[in-house]
Amino acid sequence: MLGGSTCTAIGLEVSRILGVEFQPVITREFPDGELYVRVPLGVSGKRVVLVECAGRRPNSALVESVLTVKTLLKKGAREVVLALPYFPYARQDEEFNPGEAESLRIVAEMLEGLGVSGIVTVDMHLHRFKSMEQVFHIKAVNVTAMNELASYLSQRYSDFSLVVGPDEEAEQWARVFSEKVNAPYIVLRKERRGDEDVEVRGGLPYKGRVVIVDDIISTGSTIAETASNIKAMGAGEILVACTHGLFVSGAESKIFASGVQDIISTNSVPNPFARVSVAPALAAGLKRVMGDE
Ligand code: R5P
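Residues numbered from 1 in each chain as written. Predicted model: local features only at pLDDT ≥ 70, side-chain atom pairs only at ≥ 80, totals over all residues. Heavy atoms only, no water.

A. Local environment of the nonpolar core. Counting 30 residues, the largest nonpolar core has Leu72, Phe87, Leu111, Ile119, Met124 and Phe136 as its most contacted members. Elements with a contribution of two residues or more to this core: strand 5 (47–51), helix 2 (58–74), strand 6 (79–84), helix 3 (103–113) and helix 4 (132–135). Considering each element in turn, this core owes the most residues, four residues, to helix 3. When residues no more than four places from it in sequence are discounted, the contact partners of phenylalanine 87 are Leu104, Val107, Leu111, Ile119, Thr121, Met124 and Phe136. (Core = buried A, V, L, I, M, F, W, Y, C linked by side-chain atoms within 4.5 Å. Buried < 20%, exposed > 50% of the residue type's maximum accessible area, 1.4 Å probe, protein only. Helix = DSSP H or I, 4+ residues; strand = E, 2+ residues; numbered from the N terminus. Contact = heavy atoms within 4.5 Å.)

Listed below in structure tokens is the structure:
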């Protein structure tokens, strides 16, 4: 198993779970911003898993993936499986305005075109595409980290009264979470008017401890708007769990100001609230994509 830049910790943990050797890919930036990549020797004839962490560095992670996968195959790797704890560019999954790139489709095609044999990711933002099969033509597995997030929270808090998903898409995560913490779930309605302009409607009178779950926190607008909504309707305590904590533009201040008491995320993207490892979910996905389970 090989780990790209910023992916050593996750790569090491996954390799320990799977019982395989781990080595980092040697990378650095040239003075002009271009990337340098050097893969370890001895990959010839082997199946190689490459873990690439794309969170707050989506562009360099993609270029790094291209350079690394192509080099591994040139050096004789039998196959390369790409593990992306966070799949970048998934939210621009449509040409919303004429002339816009359908980024998800283009990035998926680009990664497939490298010649990887499989792709594994965690809580990928599948909204208008409902399954991995609709996006990829190769074996691709999307696993969830919601079980691990729910286990972590339920060890520290008890008596959840409700699990809330901010929008229809979050229903899948709210459902998994609610089973784990033994509380019902609801899904609200979200309208996004701009990068940070979000309105969340719906809901009911709340009481007790409520947990909001989502795949991504980026600007924090979705969570802050959801929390304000449920606070105004009576929630006693509001917690937040997300898989990918990008936390851009002061997202955490916005979220805490809206009445949230605690935030947890996985470490798929480094952030101050990353208290749950994405490695067990990623390892489970890798076993599936490699046909070991
Ligand atoms: C979009 O539908 C996703 O599931 C998240 O709700 C969204 O990416 C969060 O973005 P932000 O934190 O900027 O509202």
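From this point, the narrative continues.
B. Fine view of the packing of helix 5 (residues 146–156) against helix 6 (residues 171–181). At a minimum axis separation of 9 Å, helix 5 and helix 6 run at an interaxial angle of 40°. With respect to each other, helix 5 and helix 6 are oriented oblique. Where helix 5 crosses over helix 6, the two elements pack in a sense that is right-handed. Where helix 5 approaches helix 6, its residues Met146, Asn147, Leu149, Ala150, Ser151, Leu153 and Ser154 are matched on the opposing element by Trp173, Val176, Phe177, Lys180 and Val181. (Axes fitted to C-alpha atoms, helices over the stretch in contact; angles between N-to-C directions. Parallel < 35°, antiparallel > 145°, perpendicular 65-115°, else oblique. Left-handed = near helix turned anticlockwise from the far one by under 90°.)

C. Representation of the site of the ligand. Taken together, 15 residues form the shell around the ligand, and within it Asp214, Asp215, Ser218, Thr219 and Thr222 come nearest. Within the contact set of the ligand, an oxygen atom lies 2.9 Å away from a side-chain nitrogen or oxygen of lysine 190. The separation between an oxygen atom of the ligand and a polar main-chain atom of glycine 220 is 2.8 Å. Protein coverage of the free-state accessible area of the ligand, which is 370 Å², stands at 95%. Cavity membership is defined here by more than half of the atoms lying within 2 Å of grid points; on that basis the ligand lies in the largest pocket. Those elements that place two or more of their residues in the shell around the ligand are strand 11 (189–192), strand 13 (209–217) and helix 7 (221–232). Counting residues per element, the shell around the ligand draws most heavily on strand 13, which supplies four residues. Split into classes, the residues belonging to the shell around the ligand amount to two nonpolar, six polar and seven charged. (Near = heavy atom within 4 Å. Polar contact = N/O pair within 3.5 Å; in protein donor to acceptor, adjacent residues only side chain to side chain. Areas by Shrake-Rupley, 256 points an atom, 1.4 Å probe, with all protein chains shown as cover. 1 Å grid on protein atoms, 1.4 Å probe; cavity = no way out; pocket = protein on both sides within 12 Å on 5 of 7 lines; lining within 4 Å. Sits in = over half its atoms within 2 Å of the grid points. Nonpolar A, V, L, I, M, F, W, Y, C, P; charged D, E, K, R; others polar.)

D. Main features of the domain arrangement of the protein chain. With domains assigned, the protein chain is organised as domain 1 (2–145 + 278–289) and domain 2 (146–276). Summarising the inter-unit geometry, the C-alpha centres of domain 1 and domain 2 are found 27 Å apart. Listed by partner, the interface residues are 17 residues for domain 1 and 20 residues for domain 2. Here domain 1 and domain 2 share an interface that buries about 1,600 Å² over both sides, 53% of which is from carbon and sulfur atoms. Of all residues in domain 1, Arg56, Tyr86 and Ala145 give up the largest surface area on contact with domain 2, accounting jointly for 33% of the area buried on that side. (Domains from an automatic or database assignment. Buried area = accessible area lost by both parts, 1.4 Å probe.)

E. Local environment of the side chain of aspartate 215. Residue placement: aspartate 215 occurs in strand 13. Of the side chains bearing the opposite charge, arginine 91 lies closest to the buried aspartate 215, which forms no salt bridge; the N-O distance is 6.9 Å. Aspartate 215 has contacts with Asp123, His125, Glu169, Trp173, Cys242, Thr243 and His244, leaving out every residue within four places of it along the chain. (Lys, Arg positive; Asp, Glu negative; His and termini not counted. Salt bridge = Lys/Arg side-chain N within 4 Å of Asp/Glu carboxyl O.)

F. Structural view of the sheet that holds strand 14 (residues 237–245). The parallel open sheet is built from six strands, whose spatial order is 10-9-13-14-15-16. Here the strands that pair on one side only, and so sit at the sheet edges, are strand 10 (185–187) and strand 16 (274–276). Strand-to-strand twist in this sheet, taken as the mean axis angle between neighbours without regard to direction, amounts to 30°. Examined bridge by bridge, strand 14 and strand 15 (residues 262–266) share four bridges and lie parallel to one another. What sits directly across from cysteine 242, in strand 15, is serine 265. Here helix 7 sits on the sheet in contact with strand 9 (160–165), strand 13 and strand 14, set at roughly 165° to strand 13. (Pairing = 2+ DSSP bridges.)

G. Summary view of the state of the cysteines. Inspection of the entire model under this criterion finds one disulfide. Note on cysteine connectivity: cysteine 7 is disulfide-linked to cysteine 53, with sulfurs 1.9 Å apart. Disulfide cysteine 7-cysteine 53: the torsion about the S-S bond is 65°, which places it as right-handed. One end of the pair, cysteine 7, is in the loop between strand 1 (2–3) and helix 1 (8–18); the other, cysteine 53, is in the loop between strand 5 and helix 2, with 46 residues separating them in the sequence. The same class applies to cysteine 7 and to cysteine 53, which are both buried. (Disulfide = S-S within 2.5 Å.)

H. Inspection of the environment of isoleucine 119 at higher detail. Locating isoleucine 119 in the fold gives a position in strand 7 (residues 118–122). Taking the relative accessible area as the measure of exposure, isoleucine 119 reaches 0% and is therefore buried. Apart from the residues lying within four places of it in its own chain, the contact partners of isoleucine 119 are Leu82, Phe87, Leu111, Phe136, Ile138, Lys139, Ala140, Val141 and Val289.

I. Representation of the environment of arginine 47. Along the polypeptide, arginine 47 turns up in strand 5. On the accessibility criterion, arginine 47 (31% relative accessible area) is partly exposed. Counting along the chain gives 115 residues from arginine 47 to leucine 162, while the straight-line C-alpha distance between them is 44 Å.

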